[in-house]
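Observations on chain architecture
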Amino acid sequence: MSDRPQQAEHTRERILEGAAQEMYRVGYQAASTANILKRLSISKGALYHHFPSKQALGYAVLDEYLAERHARCWDDVSQTPDPLGAVIDQLAEQCESACAEQMRHGCPINNLAQEMSPLDEGFRERVSAIYRHWQQALENAFERAQTLGTMDPSTDAKGLATLIVATTQGAVGLVKNAMDESLFRQAITALLVHLRAQRIQH
């Protein structure tokens, strides 16, 4: 009996991951719950036990899967000994790891923003919350770097945070359209030059 809650949670996590992959591959509207169930060998009853509708599943993918994974990348940068360096390292790592297969499908959050924000307020609000969280994490990192004396104090922390989000998401859109991952590297490399220029050398 004690294993049932754990098994149910494991099933829920598998469904979320499978749905996220399906939505990333074909988009929310074209995503097929039948394909998800077949791939995971899960019954329709198990799916609807956890998610009463496709919309509820889509919302959960944003709330519990994409938002949490994204937050893990950025939430801790402001608490590092070198917040500006942590942001630079994170962007440099993303630039280095960008690959054609990944970039061809775009960013899953950006994809949902483009596809669903004009159509469904619930999707729009959830994507907006992820972007706000990301911007705030970056702004916090820059403000702390300024407090530590490692970043130009005249820099607009909020504006720079917005620039990073806009540049990375725009670059992913360019890559998805052109199917050329080098465009992402070009954009992020230019962004990194700008960020490194903000550092105060002691």
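Sequence order sets the numbering: in each chain, residues are counted from 1 along the sequence as written. Per-residue local features of the predicted model are confined to residues with pLDDT of at least 70, and side-chain atom pairs are confined, for both listing and counting, to 80 or more; whole-chain, interface and lining totals are unaffected and use all residues. Heavy atoms throughout the structure, all of them, feed into the side-chain values; hydrogens and water do not.

As for the packing of helix 8 (residues 121-148) against helix 9 (residues 157-178)
Between helix 8 and helix 9, the shortest axis-to-axis distance is 8 Å and the interhelical angle comes to 135 degrees. In terms of orientation, helix 8 and helix 9 fall into the oblique class. Once helix 8 is placed against helix 9, the crossing between them reads as right-handed. On the side of helix 8, the interface is formed by Tyr131, Trp134, Gln135, Leu138, Glu139, Phe142, Glu143 and Gln146, while helix 9 contributes Ala157, Lys158, Leu160, Ala161, Thr162, Ile164, Val165, Thr168 and Gln169. Each residue is assigned to one class: nonpolar for Ala, Val, Leu, Ile, Met, Phe, Trp, Tyr, Cys and Pro, charged for Asp, Glu, Lys and Arg, and polar for all the others, Gly among them. Its residues assigned to classes, the contact of helix 8 with helix 9 comprises nine nonpolar, five polar and three charged. Angles run from 0 to 180 degrees between N-to-C directions of axes, and those axes are lines fitted to C-alpha atoms, restricted for helices to the stretch in contact. The secondary structure listing takes helices from DSSP runs of H or I that are at least 4 residues long and strands from runs of E that are at least 2 residues long, numbered from the N terminus. The cut-offs work like this: below 35 degrees is roughly parallel, past 145 is roughly antiparallel, 65 to 115 is roughly perpendicular, and the gaps in between are oblique. Two helices cross in a left-handed way if the nearer one is turned anticlockwise from the farther one by less than a right angle. They cross in a right-handed way if the turn is clockwise. We call two residues in contact whenever any of their non-hydrogen atoms come within 4.5 Å of each other.

Some points on the environment of Arg14
Here Arg14 shows up in helix 1 (residues 3-26). Sequence separation of Arg14 and Leu40 is 26 residues, and the distance between their C-alpha atoms is 7.5 Å.

Brief notes about the confidence of the model for the chain
Confidence scores here are pLDDT values: one per residue, from the predictor, ranging 0 to 100. Mean pLDDT over the chain stands at 89; residues scoring 70 or higher make up 95%. Averaged pLDDT values for the elements of the chain fall to 66 in helix 6 (residues 100-104) and rise to 95 in helix 8.

Considerations on the packing of aromatic side chains
For Phe, Tyr and Trp, rings pair up if their centres lie within 6.5 Å, where Trp contributes its six-membered ring, and each pair is then called stacked (planes under 30 degrees apart), edge-to-face (over 60) or tilted (otherwise). Using the criterion set out here, one finds three aromatic pairs in the structure. Aromatic pair Tyr59 and Phe123: ring centres 5.2 Å apart, planes at 70 degrees, arrangement edge-to-face. Of this pair, Tyr59 sits in helix 4 (residues 54-74) while Phe123 sits in helix 8, placing them 64 residues apart in sequence. Phe123 carries the same exposure label as Tyr59, and that label is buried. Grouped by ring-pair contacts, the aromatic residues Tyr28, Tyr59 and Phe123 constitute a single cluster. Over the aromatic face of Tyr28 sits the side chain of Lys54, whose NZ or CZ is 4.7 Å from the ring centroid. Remark: a charge is flagged as sitting over a ring if the NZ atom of Lys or the CZ atom of Arg is within 6 Å of the ring centre and within 35 degrees of the ring normal. Its end group placed over the ring of Tyr59, Arg126 keeps NZ or CZ at 3.9 Å from the ring centre. Summary of the burial criterion: residues with accessible area below 20% of their type's maximum are buried, those above 50% are exposed, and those between are partly exposed, where the area comes from a 1.4 Å probe applied to protein chains only.

Examining the packing of helix 7 (residues 108-116) against helix 8
Interaxial distance between helix 7 and helix 8 falls to 9 Å at its minimum, and their mutual angle equals 145 degrees. When the axes of helix 7 and helix 8 are compared, the crossing they make is left-handed. Touching Ile109, Asn110, Leu112, Ala113 and Met116 of helix 7 are Phe123, Val127, Ile130 and Tyr131, all from helix 8. When the residues that make up the contact of helix 7 with helix 8 are grouped by side-chain class, the tally is eight nonpolar, one polar and no charged.

What to know about the nonpolar core
Membership of the largest hydrophobic core comes to 57 residues, with the highest contact counts inside it found for Leu57, Val87, Leu91, Leu112, Leu138, Phe142 and Leu195. At the level of secondary structure, the elements contributing two or more residues to this core comprise helix 1, helix 2 (33-40), helix 4, helix 5 (83-97), helix 7, helix 8, helix 9 and helix 10 (182-196). Tallying contributions element by element places helix 8 first for this core, with ten residues. Buried residues of nine kinds, namely Ala, Val, Leu, Ile, Met, Phe, Trp, Tyr and Cys, make up a nonpolar core once their side-chain atoms join them within 4.5 Å.

Thoughts on unusual backbone geometry
Located in the positive-phi region is Ser41, a residue other than glycine, with phi close to 55 degrees. One can find Ser41 in the loop between helix 2 and helix 3 (44-50). With relative accessibility at 68%, the residue Ser41 sits in the exposed group. You will see that Met179, though not glycine, has its phi angle at about 55 degrees, which is positive. With respect to the helices and strands, Met179 occurs in the loop between helix 9 and helix 10.

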